[in-house]
Amino acid sequence: MKKSIYPYEEWKIRENAFDINMNYRNETIFSLGNGYFGMRGTFEEGYTGPDDTTFNATYINGFYEVYDIKYTEGGYGFPSYGEAMVNVADSKIIKLFIDNEPFDILKGNLILYERVLDMKEGFTERKLLWETETGKRIEIIVRRLISFKRQHLGVIVFLFKPINFSGNVKLISEIDGNINYRNESEDVRVGSNMQGKVMETLESQVDSYLGWIMQSTKRSKLKYVCSFNHEIKTKNQFKFVNYRYEDKVGIEFNIDARKGETFELTKYISYYTSRECAEDCIIDEALKEVENAKRIGVDIIFKEQSDYLNEFWADADVVIDGDISLQQGIRYNEFQLLQSVSKNDITNICAKGLTGEGYEGHYFWDSDIYIMPFFLYTKPEIAKNFVMFRYNLLDAARKRAKELGYKGALYPWRTIDGPECSSYFPAGTAQYHINSDIVLSIKKYVEATLDYDFLFKYGAEVVFETARLWISIGSYIPLKNNKFCINCVTGPDEYTALVDNNAYTNYMAQMNLEYAYFVAKEMIKKAPDDYKRISEKISLSDDELEEWNIAAQNMYLPYSAELNIIPQDDSFLYKEKLNVKDLESEKPLLLHRHYLNIYRYQICKQPDVLLLMYLRRELFSIDEIKRNYDYYEPITTHDSSLSPAIFSILANEVGYYEKAYDYFMMTARMDLDDYNGNVKDGIHTACMAGAWSAIINGFGGMMTYPDGLHFMPNIPVGWRLLSYNVKYKNCKLHVDITQDKISFLLIDGAEMRIYLYDEEILLSNGLKVEKEVKKLEEQRY
Ligand code: BGC
């Protein structure tokens, strides 16, 4: 276990002292966001430390610029351009000067420093006591909040109090749109392809306390407005002037500061873009937002934030009594997921949330497979955005399929607004499994919410078009007993590429085809009008339904009789094995070896067959899982942060309890304790959600099979209590697990059928049912 740099507290992350070596990392950890926009935890007053200890950024989810992808040896169907989320105008700036000496925590004398992220109240607070070079002491308190309820609003309350002097204090509040890219890393996890200045200022204005700046990206032609408004509370005398330069608007306050008197500046900030608002309304909307916020006042905005979070935690909180480090870790993960996830259906959740631009702010299968379940079982209304988002990208997916000569739809491996943005097709476009990952998330969404309206109006079209793709790319191969084979694909494990019959892909494609057939048949009976509308729209014939059914029934499902395991693909077992233990100095392999020197070995970046076993758990016995676990674990590097959570869950299933715990520890505090040494570049959203699954599905033992929720709890020895809620089929269930007992309490909904160790239990609202937890040996063998 890594040592934490933050004290263990249940609801707070606290930085007790400023340490320049931790600054970069803390900028990520203390980032704030609401799914629409996010700010790294950089300081209002600026930072004069070396460039490699900081990265200042503000992002709007899904606000992107396009760039040319340059290939010197291109090929047909290679994406010609990419999209990258851009760093937008910095609106947090509040600089302070005492007799023209700038407040800078790296200069003068920093006597006290503390920063706290409060996950119940939803804001960060910095408290400082600082002294100028000439001995003038000032107390500064800064609170920053990005409103969950008001998606376009942020608030900074900046308060100072001279301790031992009276005199001139100057505050400068600014929006700075002059953003220059300096990232030159080749590591895709670090930065984007943007270079230099990617936005131009179209208009700006500042008058009295109110100001705004409108910018446009040069190529995607997306526009946004950032506005501010201010409020002052003080007994001090002060004057102010406005200023406006090319990319900046600001206000300079000159304050006749009195010893012991406070000066409080509240800065209301708003961002609006042309993606959700007509171009001629953006300025008005952004101004209305900050004017309205000032009218409502900061107290109400902070209260709304804590009310919103109260409601969130009432649904999503996971209590781990007995391990405060994990308690803090899991709450931090959930909090960051909430901060990162879009609350609309035209954007989604980026691999690094809104805390960094590694992976360019793209959405991956991480969303559908790893992150969606967390929201599905705690905040299903947010999960709906995931599936609607995929529906909204369907046209782009149809276009991509056509481009490649296929029927139906082919979803992009990575994208913001729909096009495939991966320039490396072996690990990009070839990961066709993204299609079925999306379908699995739709299937699970419908099973858990009973939202047939979504399925019949929108989801079905995605399910049908993705099914068509499999028919296009698969074929019946005589030497494989005429089974339906899918060749030349890449599965989830990116250390193996362009292989035939990847087991994950074939099993998932089978599910996709079966589900398409099932949904079509259901719709013909139950929603004939919707079926007619969709089938006419996409020219779907009855013959195609039969084709899906036959392909699903005849799907080639790889199996090795010699090893009694599922081979990852046709060629995998015939390659030389690498042992992870010998590769320590080369991790992550992708940064130390050419892909050709990886693909030719049996070595995995992340679970592939094992992920399949977790996702389609109902198809496999414990013995099968164990055999496959034993085979694949020694050859998996976990070079992807998506990996350990799945290993933790399956290790629990097969009785490797210590491993289950160790893998879980790698996920639960991966970002807080910076396990991979790269949290400075942003959080790992899929890993954070994976940690939730490792608790609920692993230790909490909850599995969602097609017939309902099944439980096989097994909490680690040191935990006194694990408790969580799940929402399922319009009911809400509270589960408490101790070392000896498990209890279920149905909070919402009249009745619910669940299974504990396969024994059926009918729960009624308000009546708690308590049962014995079986001892592990009995439970498993
Ligand atoms: C993983 C992918 C994942 C991507 C974004 C890669 O390292 O191998 O599975 O989708 O990161 O998180």
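Since the structure is predicted, the reported quantities are computational estimates derived from the model, not experimental observations.

With reference to specific residues and values, describe the side chain of Glu-289.
Within the fold, Glu-289 resides in helix H2 (residues 282–296). Among buried charged residues, Glu-289 stands out as having no salt bridge; its nearest opposite-charge side chain is Arg-150, 5.1 Å away. Setting aside anything within four residues of it in sequence, one finds Glu-289 in contact with Arg-150, His-152, Leu-153, Ser-270 and Tyr-272.

Can you tell me about the domain arrangement of the chain, naming the residues and giving the values?
Segmenting the chain into domains produces domain 1 (1–9 + 317–354 + 641–781), domain 2 (31–69 + 87–288 + 301–312) and domain 3 (379–569 + 591–640). Relative placement of domain 2 and domain 3: their C-alpha centres are 43 Å apart. Residue-level contacts link 8 residues of domain 2 with 6 residues of domain 3. Summed over both partners, the interface of domain 2 with domain 3 comes to about 680 Å²; 58% of that surface belongs to carbon and sulfur atoms. Applying the counting criterion to the domain 2 and domain 3 interface returns 1 salt bridge. For the salt bridge of Arg-275 with Asp-417, the shortest nitrogen-to-oxygen distance reads 2.9 Å. At the boundary of domain 2 and domain 3, one finds 2 residue pairs in polar contact (both at pLDDT 80 or more).

Break down the UniProt feature "active site" (unreviewed entry) in the chain for me, with residues and values.
As annotated by UniProt and renumbered to match this structure, "active site" (unreviewed entry) occupies Glu-494. Position of Glu-494 among the secondary structure elements: in the loop between strand E23 (483–486) and helix H10 (503–526). Polar side-chain contacts of Glu-494 include one of 3.0 Å to the side chain of Gln-431.

An account of the sheet that holds strand E10 (residues 137–146) is requested, with residue identities and associated values reported.
Pairing in this open sheet of 9 strands is antiparallel, and the strands run E1-E8-E9-E10-E11-E20-E17-E16-E15 from one edge to the other. Looking at strand neighbours, the two that pair on one side only are strand E1 (12–15) and strand E15 (199–207), the edges of this open sheet. Averaged over all pairs of adjacent strands, the angle between strand axes in this sheet comes to 15°, irrespective of strand direction. Where strand E11 (residues 153–162) and strand E20 (residues 263–273) come together, 8 bridges link them in antiparallel fashion.

Just give me the short version of helix H18 (residues 685–699), but keep the residues and values in it.
Count 3.6 residues to each turn of an α-helix, and residues three or four apart come out pointing the same way. In a regular helix each residue adds 1.5 Å, so 15 residues correspond to 21 Å; H18 covers 21 Å between its end C-alpha atoms and thus fits that length. The buried fraction of H18 amounts to 15 of the 15 residues, a majority that puts the element mostly inside the structure. Phi turns positive, to about 65°, at Gly-701, one or two residues after H18.

Give me the pattern of salt bridges: which residues, what numbers.
Throughout the structure, instances matching the rule amount to 60 salt bridges. The salt bridge involving Glu-584 is made with Lys-587; its shortest N-O contact spans 3.9 Å. You can call Glu-584 exposed: its relative accessible area is 51%. With a relative accessible area of 27%, Lys-587 lands in the partly exposed category. Within this structure, Asp-395, Arg-398, Lys-407, Glu-461, Glu-465, Arg-468, Lys-537 and Glu-544 form a network of salt bridges that share partners.

Describe the environment of Glu-334, with residues and values.
Relative to the helices and strands, Glu-334 resides in helix H4 (residues 324–340). A relative accessible area of 1% means that Glu-334 is categorised as buried. With 22 residues separating them along the chain, Glu-334 and Phe-312 place their C-alpha atoms 9.7 Å apart. Dropping the residues within four chain positions of it, Glu-334 is found in contact with Phe-312, Trp-313, Ala-316, Asp-317, Val-318, Phe-374 and Trp-692.

I'd love a proper account of the packing of helix H6 (residues 380–392) against helix H9 (residues 452–473), names of residues and values included.
For the pair H6 and H9, the least separation of the axes is 9 Å and the interaxial angle reads 50°. One way to sum up the angle between H6 and H9 is to call them oblique. Here H6 runs over H9; the crossing is left-handed. Counting all contacts with H6, which are made through Lys-384, Val-387, Met-388, Arg-390 and Tyr-391, the residues of H9 involved are Phe-454, Tyr-458, Glu-461 and Val-462. Looking at the contact of H6 with H9, its residues break down into 6 nonpolar, no polar and 3 charged.

Go over the state of the cysteines, please, and point to the residues and values.
By definition, a disulfide links the sulfur atoms of two cysteines through a covalent bond. On inspection of all chains with the given rule, the structure shows 0 disulfides. There is no disulfide at Cys-687, and the cysteine sulfur nearest it, in Cys-350, is 16 Å away.

So, how was this worked out
Residues numbered from 1 in each chain as written. Predicted model: local features only at pLDDT ≥ 70, side-chain atom pairs only at ≥ 80, totals over all residues. Heavy atoms only, no water. Helix = DSSP H or I, 4+ residues; strand = E, 2+ residues; numbered from the N terminus. Buried < 20%, exposed > 50% of the residue type's maximum accessible area, 1.4 Å probe, protein only. Lys, Arg positive; Asp, Glu negative; His and termini not counted. Salt bridge = Lys/Arg side-chain N within 4 Å of Asp/Glu carboxyl O. Contact = heavy atoms within 4.5 Å. Domains from an automatic or database assignment. Buried area = accessible area lost by both parts, 1.4 Å probe. Polar contact = N/O pair within 3.5 Å; in protein donor to acceptor, adjacent residues only side chain to side chain. UniProt positions renumbered as here; feature names shortened; annotations may be inferred. Pairing = 2+ DSSP bridges. Axes fitted to C-alpha atoms, helices over the stretch in contact; angles between N-to-C directions. Expected span 1.5 Å × (residues − 1). Parallel < 35°, antiparallel > 145°, perpendicular 65-115°, else oblique. Left-handed = near helix turned anticlockwise from the far one by under 90°. Nonpolar A, V, L, I, M, F, W, Y, C, P; charged D, E, K, R; others polar. Disulfide = S-S within 2.5 Å.

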